[in-house]
Amino acid sequence: MTTADLINKIVQVAAALAIFAAVIGLILFLIDKAPKRGRDGFQLVAFLAPALLLLGIGLIYPAVRTSIAAFADNTGNFIGLDNFVWMFTQPDALRTLANTVVWVVLVPLVSTIIGLAYAVFIDKARGERIFKALVFMPMAISFVGASIIWRFVYEYRPEGREQIGALNQILVWFGAEPVLWLQSDPINTLLLIVVMIWVQTGFAMVVLSAAIKGVPTEQLEAAQLDGTNAWQRFRNVTVPGIRGSLVVVVTTISIATLKVFDIVQTMTAGNFGTSVVANEMYNQAFRSQAPGRGSALALILFIMVLPIVIYNVRILRQQREIR
Amino acid sequence: MASVTFDKATRLYPGSTKPAVDSIDLQVADGEFLVLVGPSGCGKSTSLRMLAGLEEVNDGNIFIGDRNVTDVPPKDRDIAMVFQNYALYPHMTVAENMGFALKIAGVNKDERAERVLEAAKLLDLEPYLSRKPKALSGGQRQRVAMGRAIVRQPQVFLMDEPLSNLDAKLRVQTRTQIASLQRRLGVTTVYVTHDQTEALTMGDRIAVLKDGVLQQVGSPRDLYEKPQNVFVAGFIGSPAMNLFSSDMADGGVKFGSSVVNLDRKFLQAAHGSKITVGVRPEDVIVSTTPGDGLEIEVDLVEELGADGYLYGHATTQGGERTDIVARVDGRLHPHAGEKVYLLPQPGHLHAFDAETGVRLNDAAAIG
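Residues numbered from 1 in each chain as written. Chains lettered and ligands numbered in written order. Predicted model: local features only at pLDDT ≥ 70, side-chain atom pairs only at ≥ 80, totals over all residues.

**Quick notes on the overall build of chain A**
A tally of regular secondary structure across chain A gives 14 helices and 0 strands. In summary, chain A has a C-alpha radius of gyration of 26 Å against a globular reference of 20 Å for 323 residues, an excess of more than 25%. The 323 residues of chain A split such that 29% are buried. For chain A, the share of sequence-separated contacts (at least 6 apart) that also reach a separation of at least 24 residues comes to 65%. (Helix = DSSP H or I, 4+ residues; strand = E, 2+ residues; numbered from the N terminus. Rg over C-alpha atoms; globule rule 2.2 N^0.38 Å. Buried ≥ 20, exposed ≤ 12 C-beta atoms within 10 Å, placed from the backbone. Contact = placed C-beta atoms within 7 Å.)

What follows is the structure, given as structure tokens:
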């Protein structure tokens, strides 16, 4: 790119911003000039319309299209529930669903427990910030980056050759044979889950640590005088005090886990029995040229996320009654 | 139930050179209501927290009964505390809050419910037992905090400014309720407040602290009639005692052109040629006859119905201005701009060493 190109681009950006400002200004001006009667309704529409329009184009329309496609074959003919029948009968598709369940159970549970324990143990400790940064850092790495890092950890070289994967090297040190980790079903799914946990623990830890600091000291002191030991205090004061954050953490991680795609795609591309719903959705829709099946998987994914979101909202509403 | 003893207890915060609580010696008798009072930062709360075990004791010892609890964790001290912001558990109902300590102690469900109900009756909390703290008013929350302490039947109650979050009217009401409740239960109580009125009205005895040092311990009457130093004199009583330095004269101290008698032995004990004299606003004689004591120019008279408070100032020889408050009759009193003359009522002059601030005369009596 030459300097002239660059200047050109900058001018374009500036022009775009100016046009944006002008349009917004015009809208605001017109709203202001709206007739007194019914002004509220007018303003409501004018302010909501852009957002609603974008939501409609970006979210609602694709959702509707996907839902329709889920009941159609490759050429767009309506075929009823065939795509779903395939999903719940084919061993491969069933395996995908089963894997997803394993992911969704293990990842939120383990990352939240580790994150919570870590947050509790480093709370008010010396060097807390450094300890936090250490665990939080993986959050800053993309799933693909994290997967590449961990693929090295699981890397296999035939026996006798020098091992470059940490896991196999440790095995070799103990005198065992190296293992083709990522191809060993079913442990390979667990190894992929470890990557997700590694990334999500930092998130859980940071949110929960902040929540723990929000529990009033007096409540803990009152509990101390009420005769509780450290564990009882944790169970009866700290955990109820951070319940809202716990629910947010668990549900956020659950949703992220349901949608996990990059890790599986990067590590095994869904082979060797590691596929999950999001990954299979991509494979069916774009590789096997079966958009109907892909859409059906997407719909199932959506239905699986829904109860988590509802639960989240309900708990947050309950919490409001306490605070 | 038990007595409480502070034996040279000291708390030095890390990184600080001056102790927050400086070797305090204090005995609280079994069943007594002791009030710790002082301005903010005087170490009264820290002392209470040391007794609770929430604050480390760096030096000295603390006893509950005959038991040295200096290094005993809070949970094993058998004390209950009412916190300033009540520290109720927000996710538990009132009944659960009150019964929590019993639950932890392994008391069975029926007995727990019975004891909670008993305390709830005592505090008029019965209708609220199944509510969460958020659904209670400030006064009700305060009572739940009290209930939580009572249910425990502890050896000692600790209260850390439990009334400061209530409005003025409720505070006065609750003040009497707490005091009468304590007398009924007969549990040794240590109560912290910064409000000297609370201290005077509630305590069997009052301990005044300043800068981590115990100034004086005594009954409310003692502290009022015979403050041991200038600080206590100025802190206890409202409006505060008039304190100003005055020249010694032969056989007394000067009050303007008059001389108020003071025993020679007290005068001899003083350092320097001046002493600090104190007269409570309610102990002055205000006269309009020139020459009858210290000349005061009236700035303002506050009428409170039956009484009035005269705010004025005296100008001493050096040209220094001393503010003076005097209680006057609510109907018949001097007016702003007038000059009046002020003398202490016989027997109500407090004399303090100008240098050390220590009290010179025995009782509030003239020589």
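**Regarding the sheet that holds strand S11 (residues 242–249) of chain B**
All names here are of chain B. Spatial ordering of the open sheet is given by S13-S12-S11-S14-S20, a layout of 5 strands whose pairing is antiparallel. Of all strands in the sheet, those bounded by a partner on one side alone are strand S13 (258–261) and strand S20 (350–353). When strand polarity is set aside, the average angle formed by the axes of neighbouring strands in this sheet is 45°. (Pairing = 2+ DSSP bridges. Axes fitted to C-alpha atoms, helices over the stretch in contact; angles between N-to-C directions.)

**Overview of the environment of Leu88 of chain B**
Residues and elements named next belong to chain B. Tracing the backbone shows Leu88 in the loop between strand S6 (79–82) and helix H2 (94–104). A count of 25 C-beta atoms within 10 Å places Leu88 in the buried class. Taking the C-alpha atoms as reference, Leu88 lies 28 Å from Leu200; in sequence the two are 112 residues apart. Those residues in contact with Leu88 that sit more than four places away from it in its chain are Asn97, Pro133, Arg141, Val144 and Ala145.

**Considerations on the interface of chain B and chain A**
With 19 residues of chain B at the interface, the matching set in chain A holds 17 residues. Contributing elements (two or more residues each) for the side of chain B that touches chain A: S6 and H2 of chain B. Taken together, the residues that form the side of chain B that touches chain A break down as 14 nonpolar, 2 polar and 3 charged. (Nonpolar A, V, L, I, M, F, W, Y, C, P; charged D, E, K, R; others polar.)

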